[in-house]
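Observations on chain architecture
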Amino acid sequence: MMELKIQLVPTGEIILPPGKNGESYCHSCTKKRSIGHLESMDLGNMQDLLRKTQSSIVEKGLMFLNTDSLKDAVGSDGVRVMMESALTARDRVGVQDFVLLENHTSEVAFIENLRKRFKENLIYNKCSSVKCIKSLTYIGSVLVSVNPYKELEIYTKQHMERYRGVNFYEVSPHIYAVSDNAYRSMRTERRDQCILISGESGAGKTEASKKVLQYYAVTCPASEQVQTVKDRLLQSNPVLEAFGNAKTLRNDNSSRFGKYMDIQFDFRGAPVGGHILNYLLEKSRVVHQSHGERNFHIFYQLIEGGEEDLLRRLGLERNTQQYQYLVKGNCPKVSSINDRSDWKVVRKALTVIGFSDDDVEELLNIIASVLHLGNVQYGGEDSGNAYITTDTQIKYLARLLGVDGVVLKEALTHKKITAKGEELMSPLNQEQASSARDALSKAIYGRTFTWLVNKINHSLAYKDDSFSSKNASVIGLLDIYGFEVFQNNSFEQFCINYCNEKLQQLFIELTLKSEQEEYEAEGITWEPVQYFNNKIICDLVEEKFKGIISILDEECLRPGDASDITFLEKLEDTVGGHAHFVTHKLADGKTRKVMGRDEFRLLHYAGEVNYNVNGFLDKNNDLLFRNLKEVMCMSENKILTQCFDREELTDRKRPETTATQFKNSLAKLMEILMSKEPSYVRCIKPNDAKQAGRFDEVLIRHQVKYLGLMENLRVRRAGFAYRRRYEIFLQRYKSLCPDTWPNWDGRLVDGVSTLVKHLGYKPEEYKLGRSKIFIRFPKTLFATEDALEVRKHSLATKLQASWKSYSQKSKYRKLRHSAILIQSWWRGILARRRAQRRRQAADTIRRFIKGFMYRHQPRCPENEYFLDYVRYSFLMKLHRNLPKTVLDKSWPTPPPALSEASEHLRKLCMQNMVWKYCKTISPEWKHQMEQKMVASEIFKDKKDNYPQSVPKLFVGTRLNGEDINPKALQALGTEKMKYGVPVTKYDRKGYKARARQMLLTGSSVIIVEDAKLKQRIDYSALKGISVSSLSDGMFVLHVTCEDNKQKGDVVLQSDHLIETLTKVAICAEKINNININQGSIKFTVGQGKEGIIDFTSGSELLIAKAKNGHLSVTAPRLNSR
C-alpha cells in the first residue's frame, strides 16, 4: 500500500510534495510512484491510504483529505488538496468556497458556514466561480473577510511567497490571493484592475488595503527608484490615517474619508508611482464628536508624542483636556492606540514621503492653530454682539497662521456684507461667532487634508520623462466607508450610504445584471436569479431636479428663510409618493412612533435608515464668511496660501454644494471603476463590541444582505466559469489543433467547434453561444491552459529563431548605417580640419612674408609676428643646441636684433657650465688641470707632439724611490724632490749621449749620474729653455754665463718632453722663458763658444753629429700646422 506524505500548512492546505520528476514519494520505503500511478489508484485504495493518516491529522487540529477531489488536484506541481474540502472535516470548518455549499440558496447555511470558519480562525472565504487569469470578460473574484479582532500569523513573507504566482483557485482564500490574481491579470492581459474593499466601519477595510500594499511592496520587482516608491506607498498609510482616521463607537481606527488609490506599474511589473483620490472627509468631527468618540488621531499624537520644545513653540500643553475640540467625546485615551508611538511613525513617514522640515513645521502650525481656534471663547455685550475673551489664543493663532491678529479678531466677530455695491461689517452674536469659528476650523482642516493628499500624490508621481503615466498599467484600490446606521444619522451618513448605494449598483451592473443579460443575449439556457436592483434608490437620491440632492441644493440656494424643516417639507411635497421614502407626516401610525418629526426614512437595499435633517443645509452649504477667507488668503503660511486661493475672493460664482461635489466625484469614481476589471473584498464585522471570537448572527445577517453576497452566490452557482468571444478563443488556442493552425478560414463557430472536439471537451463541459464559447468547469480550462503552455515552447523556439534572424539583420543594418554616418561625419571633420589648417597656414605665411618685408622697420603690427617668430626660433634653436661641455665653443648665429642678448646668454651659459664643472672636480684633478693649462699656454699650436700629450695625464714623478740611488737622495739633504724623470744628456763636445736623471726641487734642477750630482742649476741661473717645434724630445737649458759653477748650456732629451718642461716651468716660474724654435737652436758650449742643433723633419727620429759639427735631429711631423 502506498503512503502519502502530508505537508501541514498554516493557511489551511494539505500538500503532497512531488519528486524530482513529478513522482510522489513514499517516505516509509524506497519505492516511488508516479503521479499517473497515483491517479490510477481506485478510490477504495485511496481511502484506505488516507484513513491511516486521519487520526494523526485530526489530533493536530486539521481536517482530512477529500478523496473525491484528490484526483482532480494532481498536477505538475504535486498534489495540492484544500483542507476545507475534506469530507470528515467539512462539518467542523465548513467550505472555503461558498459556491461549494450544498444549499447555496439558504442564507442560514451561508451564515453557518461563516460561523464554522470564524471559529477555526479561518477568516477568509471565497464566493466565486473559477476565473481564468487571462480572461478579459469574466467578473472578478469575491473574497469575504471576517474581522477576527486579533493578530493571526498569516501575513508573513513566507505566506506572500506561497500565494505569489499561484492561481487564485489553487490556494486557500486570502487577501494575498486576490492581490496576486489582480496583479497577474494586469501583467498578462495589460488591462487595468481594481480591488473594491467594502464593509461596515470596523470590518477591517483599512487593514485589508494595507495588506494589499504590503504584498505588492514585497513581491513586485524592485530597483533603487522602485524601492523608494514602494516605501512611499506604504508610508502614505500612517500619514493618511493620522489625519483622516478617528476612534468611533464601532472602530478604534475608523476611516472618516473615502480613499481610492491607483498604483502604477511599469512594463516590468514594478510599482513606479501612485495617485490617491479622497472623498468626503468628515470635517464636522473637527469641532464635534459623539460621546465615546475622538477627534482625528493627529491631534492626540501631537500632544502625547510631540517634543517639549515643539509643544512650547506651538503654544500647546501635554494635556488633551485643555482643548475644547478634544473633550466633547470624553474619550482622551484608547487602550488599543499608542499615540506616542504613532507620532514617531507619522514623523518618519512624512520624511520618507518627501516632506521637508519647513513643510512639516507649517503643517503642525496649522494643526495647532485648529486646537487654539477651539479654545477661542466669546462673551456677549449688552447689545448682544459677541467679543473674544481669550486674547492669548488670538496671539497664538496670529503667529501660527501667519496673519494679522487684529484682522483675525475682527473677522471672528463680524461678517462682511455687500449691499448695493458697498461692503459693510456686521457684528455677530455669540452663537453666530461660535459657528463662524467652527466653520473656519473645519475649512482649515479640510483644505489642509486635501493639500496633504495632493502633496503625497506629487511624491508618488513617477519622475522619469521616458515613462508616460498613460502607458502605465494600474491597479486601483478602493477603501471607502461602509453602510452606516446610527441612532442619530445626519448628513454624513446620508452621503456615505448614498455612496454605498452607488457601489452596490456598480456591483449589480458588473456581476448580477451583466451576467444574466449576457446569458440571455448569447442564448445560453440557465436559471435566472432574482435580485434587487437598487437603481430606484440611486435615482431617488441623485435624479436631476427631482432627487433629494437637487431639492437640498435648491433649498440652500433659494432666497428667503430656508431651513432644515422647509427642506423636509419640500421633500414631502416632491418625493413623498416614492415607495422608498417615508417621513413622520407620511408614515402610518406604527412607523410614527419610531420616527421624529424632523426625520425622513430611506428604504436602502441594506435596510431602513432614519435621517435627522437638522444641520443638512449648513453642512451642504459648507460656507465660510468672506472676511474669514480674506484673512486666510493673507496668511504667510505657505500651505494655507495654496489652500485658500485669492481667486475665490474675486469669483462671484457660488461654489458647488457639498452634496453636489460628492455626487460628481462619485460619478467620476464609477467611471474609473467601470473601466477596470474588478475584484471584490467584502469585509464583515462579527460584533459591535470588537471582541475576538464573538459571532453576532443578527449583525452578520444584516451585512450579508446589504453586501449582496447571496445574490452573487446564486449567480455564480448557476453560471459558467469562463467565456470568450469566438475570435479571441480561437486566436489564443488555435495552435493546439492541426486543423486550426496557423489560420482558420471558415466560420468562427465551426473553428471553435473543431478545436474543442480535438481537445476532447465533453458536451456538459461547454456551451456555444451566438458569439462566445462558455466553459463550465475550471479544470477544463486549466487543462487547456496547461496544453497551451507546453505548446508555447515549440512555438517560442520558432519565433525566437525568426526573431533572432530579423533582430540580427536589423542590428547589422543599423550598425552599417551608423558606421556610414560616423564615417561621413568623421570625414567631414577631417576635411574641415584640413581646410582650417590650410587657412591658418596661409595666414601664417602671409604674415611671415609681410613681416620679412618690414623686418628692418621698427616694431609695428606688420612685422611683429615675424620678429617674434625670429626671436622664438632662435631661442628654441639655442635651447636645442646649447653647448654640452666647456670645451664646446659652438653657438648659434643670432639674428641682428638679438646679437647683444645672444652674447649675454653665451657668457651666462659658459659661466654656468664652468661653475657646474668646477663644483664637480677634486683637488687632484684641479692640480692636473692647472698643469695642463700651463702646458697648453706654452705648447699649443707650437709643438708638433703637443696634441698627443693632451689626453695623457701628468704624473707626480717618473722615478720611484728604487730608481734613484740612495746616495744621490742623501746628497740632496733637506731638499725635497718634486719631480724626477730619466733623460739623455748630450755632451757639449762630440754630442755623445749619456743616460742621466733630472730631479726638480724647490730651488734647482739637478742632473744626476748614478750616485753623483753631476750638475745643479738654480732656477735663478736658468735664463731660458729652448725646444724645437717638431715631435722630438730635445730641449736646452740655458744658464747665465756669470755663474762660474756652470760649464755652459745643458742639452737634454726626454721621452716626456711636454710633461717635463711643464714641471720645470712651474717649479722655476719660467713659463714665459720657454722658446720654441723652428730650424735650429743655438746654445753656449763654454767660455765664448756656441753650439748649434739643427732640426729637420723626416720619417723617423734620428739624432747624430753632422759633418758641419752641428747636432742634427731628424723628427717625424705628427701634425700639420
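My aim in this report is to walk through the structure given alongside it, one point at a time. Note that this is a predicted model, so its numbers are computed, not measured.

Cut-offs and rules
- Residues numbered from 1 in each chain as written.
- Predicted model: local features only at pLDDT ≥ 70, side-chain atom pairs only at ≥ 80, totals over all residues.
- Heavy atoms only, no water.
- Phe/Tyr/Trp six-rings, centres within 6.5 Å; stacked < 30°, edge-to-face > 60°.
- Helix = DSSP H or I, 4+ residues; strand = E, 2+ residues; numbered from the N terminus.
- Buried < 20%, exposed > 50% of the residue type's maximum accessible area, 1.4 Å probe, protein only.
- Pairing = 2+ DSSP bridges.
- Axes fitted to C-alpha atoms, helices over the stretch in contact; angles between N-to-C directions.
- Arc of directions from axis to C-beta.

The next point concerns the packing of aromatic side chains. Summed over all chains, the structure comprises 31 aromatic pairs. Judged by centre distance (4.9 Å) and plane angle (70°), the rings of F848 and F866 are edge-to-face. Of this pair, F848 sits in helix α32 (residues 778-853) while F866 sits in helix α33 (residues 864-880), placing them 18 residues apart in sequence. Using a relative accessible area of 30% as the deciding quantity, one classes F848 as partly exposed. Geometrically, the ring pair formed by F852 and F866 is edge-to-face, given 5.8 Å between the ring centres and 80° between the ring planes. You can see F852 sitting in helix α32 and its partner F866 sitting in helix α33, a full 14 residues away along the chain. F852 sits in the partly exposed class, given a relative accessible area of 40%. Note on F866: relative accessible area 8%, which makes it buried. An aromatic cluster is built from F491, F494, F567, F581, F600, Y611 and F616, whose rings are joined through pairwise contacts.

Turning next to the sheet that holds strand β37 (residues 1111-1115). Pairing is mixed in the open sheet, where four strands are placed in the order β34-β35-β37-β36. The open sheet terminates on both sides in strands that have one partner only, identified here as β34 (1080-1086) and β36 (1102-1105). Recorded for the sheet is a direction-independent mean angle of 20° between the axes of neighbouring strands. Here strand β35 (residues 1089-1097) runs beside β37; their pairing, made up of five bridges, is parallel. Bridge pairing links S1097 to A1115 in β37.

Here β36 pairs with β37 via four bridges, running antiparallel. The residue of β37 that forms the bridge with K1105 is L1111.

Once that is clear, we can look at helix α30 (residues 726-733). Turning to α30, its buried residues number three or more, namely Y726, F729, L730 and Y733. Along α30, the residues classed as buried sweep out an arc of 95° about the axis, all on the same side.

Here eight strands make up an open sheet; going across it, the order is β29-β28-β27-β26-β32-β31-β30-β33 and the pairing mixed. The two strands at the open ends of the sheet, each matched to only one other strand, are β29 (1012-1018) and β33 (1074-1077). Ignoring strand direction, the axes of neighbouring strands in this sheet form an average angle of 30°. Relative to strand β32 (residues 1050-1053), strand β26 (residues 979-986) is paired through three bridges, and the arrangement is antiparallel. From the neighbouring strand, K985 faces β32, where its bridge partner is L1052.

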